[in-house]
Amino acid sequence: MADKVYRASTTAPVNIAVVKYWGKRDPKLNLPTNSSLSVTLSQADLRTLTTASCSASYPSSEGDSLLLNGEQSDVAGARTQACFRELRARRRALEDADASLPKLSTMPVRLVSENNFPTAAGLASSAAGFAALVRAIANLYELPASPSELSLIARQGSGSACRSLFGGYVAWRMGDAADGSDSMADQVAEASHWPDMRALILVVSAAKKGVSSTSGMQQTVATSGLFQERIAKVVPQNMAAMEKAIAERDFASFAEVTMRDSNSFHATCADTYPPIFYMNDVSRAAIRAVEQINAAAGRTVAAYTFDAGPNAVIYYLEKDTESVVGTLYHVLGGEVGGWKSTVVQGLKPSMSLDEGVAEILKAGVSRVILTGVGEGPIKSDEYLVAEDGSPARR
Ligand code: DP6
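Residues numbered from 1 in each chain as written. Predicted model: local features only at pLDDT ≥ 70, side-chain atom pairs only at ≥ 80, totals over all residues. Heavy atoms only, no water.

An unreviewed UniProt entry annotates the chain as Diphosphomevalonate decarboxylase originating from Chaetomium fimeti. You can read under Pathway (unreviewed entry) in the UniProt record for the chain the words "Isoprenoid biosynthesis; isopentenyl diphosphate biosynthesis via mevalonate pathway; isopentenyl diphosphate from (R)-mevalonate: step 3/3." UniProt, in the comment section headed Sequence similarities (unreviewed entry), describes the chain in these words: "Belongs to the diphosphomevalonate decarboxylase family." (UniProt positions renumbered as here; feature names shortened; annotations may be inferred.)

If you want it as structure tokens, here you go:
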């Protein structure tokens, strides 16, 4: 009889920080210089599906492998290796304690992974990718580990990935232990605590690939004076204010902290020597658009935030869909991909943006993504590895 192929599948979400992680105090263990906080986005729109499998029939010469969106991906990097090593060690401990368990820890792991969003969208998929990799292997190995324990492992793959092990509103506590054992994620609030949080992502095409976050943050830590002020004062205040805003479902405060924190992060990038610019003219036009929408509404209905690239993520509450989405839908036009008819049907523009701002957005936004707050990783019965261990045909 052929050797059994063991399989487990999971999906994992993308998260977008409202208090940003930027800076490592230990690049090897991937320990941050500050805590951060994010909103997990709905997997209906953005998710990675990963199947982890292992079998005594997989040749040991093959080693561990990852097929990502149909292409073999390199798993030799130190960060991916750290994830494999930690997960295997936990499985081995179970096998040592119970001799009846199959020795999965000795077999090569085959991973097959797919994103449900276009890679061309330029969205950071490493958070969902590493969260799915860790969760899928933990399921395969039947590890009795909590999401926080798994976040310790995912953190070593990519810092922001540790927050994708939870749904809703998630903090990554920086911790202070030298070995990183207390630098992990926890859930600040379930998605159901504040379910009407929405996100409109304006995908802005970048002319050329910018500085990666890993290298950008190292340069900032090494050269920016402003950065010291950010980690010592700005972030601790923003974390406290953000947790309070979420607990009280206070959108005006949530929005102000989100925008200030994004501005602070990009200010430290500009203060890096030589400076790093992630936002471009289109990003800045999105900031003006949000300001004009809020001014016209007479209260804060929208908040912008930007990661290490030009895309704008705009948070808003469902009840303000007309002010926020209606205005941008009429500016950008239906020919831009990504609008959902269920959301935009019948929306009227509640205001008009300044002509200059509208023109820049129209020329520079290539597609939109309409989504909202969502759940953490979900076990899936869809397998990307067939029962014989080959990649499943789809
Ligand atoms: C700007 O998690 O991609 O998105 O740990 O080096 O993999 P590495 O960095 P990464 O950095 C994300 C930076 C950010 C802010 C955030 O998500 O908190």
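Quick look at the layout of surface pockets now. In this structure, the second largest pocket spans a volume of roughly 210 Å³. Broken down by element, the residue count for the lining of the second largest pocket peaks at five residues, all from helix α1 (residues 78-97). Residues that form the lining of the second largest pocket fall into these classes: four nonpolar, two polar and four charged. (1 Å grid on protein atoms, 1.4 Å probe; cavity = no way out; pocket = protein on both sides within 12 Å on 5 of 7 lines; lining within 4 Å. Points joined across faces, edges and corners; volume = space filled by probe spheres on them. Helix = DSSP H or I, 4+ residues; strand = E, 2+ residues; numbered from the N terminus. Nonpolar A, V, L, I, M, F, W, Y, C, P; charged D, E, K, R; others polar.)

Here the focus is the nonpolar core. Counting 71 residues, the largest nonpolar core has Phe254, Tyr315, Trp339, Leu353 and Leu361 as its most contacted members. Mapped onto the domain boundaries, this core takes at least three residues apiece from domain 1 (5-190 + 376-380) and domain 2 (197-372). Not counting the four nearest positions on each side in its chain, Leu361 is found in contact with Val282, Ala285, Ala286, Ala289, Leu328, Leu332 and Leu353. Counting residues in hydrophobic clusters, the runner-up holds 42 residues, among them Cys83, Leu111, Phe130 and Leu133. (Core = buried A, V, L, I, M, F, W, Y, C linked by side-chain atoms within 4.5 Å. Buried < 20%, exposed > 50% of the residue type's maximum accessible area, 1.4 Å probe, protein only. Domains from an automatic or database assignment. Contact = heavy atoms within 4.5 Å.)

Interfaces are frequently sized by the accessible area removed from exposure as the parts join. Domain assignment breaks the chain into domain 1 (5-190 + 376-380) and domain 2 (197-372). On a C-alpha basis, the centres of domain 1 and domain 2 stand 27 Å from each other. The interface is formed by 31 residues belonging to domain 1 together with 41 residues belonging to domain 2. Summing the contributions of domain 1 and of domain 2, the shared interface buries around 2,900 Å²; its carbon and sulfur component is 69%. (Buried area = accessible area lost by both parts, 1.4 Å probe.)

Taken together, the four strands give an open sheet; going across it, the order is β13-β14-β12-β15, and neighbouring strands pair in antiparallel fashion. Two strands bound the open sheet, and with one partner strand each, they are β13 (302-305) and β15 (365-372). Along the sheet, successive strands turn relative to each other by an average axial angle of 20°, direction set aside. Taken together, the six bridges between strand β12 (residues 197-204) and strand β14 (residues 312-317) define a ladder with antiparallel strand orientation. By the bridge assignment, Leu202 is partnered in β14 with Ala312. (Pairing = 2+ DSSP bridges. Axes fitted to C-alpha atoms, helices over the stretch in contact; angles between N-to-C directions.)

Further remarks concern the packing of helix α5 (residues 226-247) against helix α6 (residues 251-270). With their axes 9 Å apart at the nearest point, α5 and α6 run at an angle of 165° to one another. It follows from the interaxial angle that α5 and α6 lie roughly antiparallel. Crossing angle aside, the handedness with which α5 passes α6 is left-handed. Touching Leu226, Phe227, Arg230, Val234, Val235, Asn238, Ala241, Met242, Ala245 and Ile246 of α5 are Ser253, Phe254, Val257, Thr258, Asp261, Ser264, Phe265, Ala267 and Thr268, all from α6. Taken together, the residues of the contact of α5 with α6 sort by class into twelve nonpolar, five polar and two charged. (Parallel < 35°, antiparallel > 145°, perpendicular 65-115°, else oblique. Left-handed = near helix turned anticlockwise from the far one by under 90°.)

What surrounds the ligand is a group of 17 residues, the closest being Tyr21, Lys24, Ser158, Ser160 and Thr214. At 2.7 Å, a side-chain N or O of Ser158 approaches an oxygen atom of the ligand. Thr214 places a side-chain nitrogen or oxygen 2.6 Å from an oxygen atom of the ligand. Within the complex, 94% of the 460 Å² of free accessible area of the ligand lies under protein. The greatest single-element share of the shell around the ligand, amounting to three residues, is contributed by helix α4 (residues 213-223). The residue makeup of the shell around the ligand, split by class, is six nonpolar, six polar and five charged. (Near = heavy atom within 4 Å. Polar contact = N/O pair within 3.5 Å; in protein donor to acceptor, adjacent residues only side chain to side chain. Areas by Shrake-Rupley, 256 points an atom, 1.4 Å probe, with all protein chains shown as cover.)

Let us look at the pattern of salt bridges. Tallied over the full model, the rule gives 18 salt bridges. We note a salt bridge from Glu86 to Arg90, for which the minimum N-O separation is 3.0 Å. You can see Glu86 and its partner Arg90 sitting in helix α1, four residues apart, about one turn around the helix. Counted as one network, the salt bridges with shared partners bring together Arg173, Asp186 and Glu243. (Salt bridge = Lys/Arg side-chain N within 4 Å of Asp/Glu carboxyl O.)

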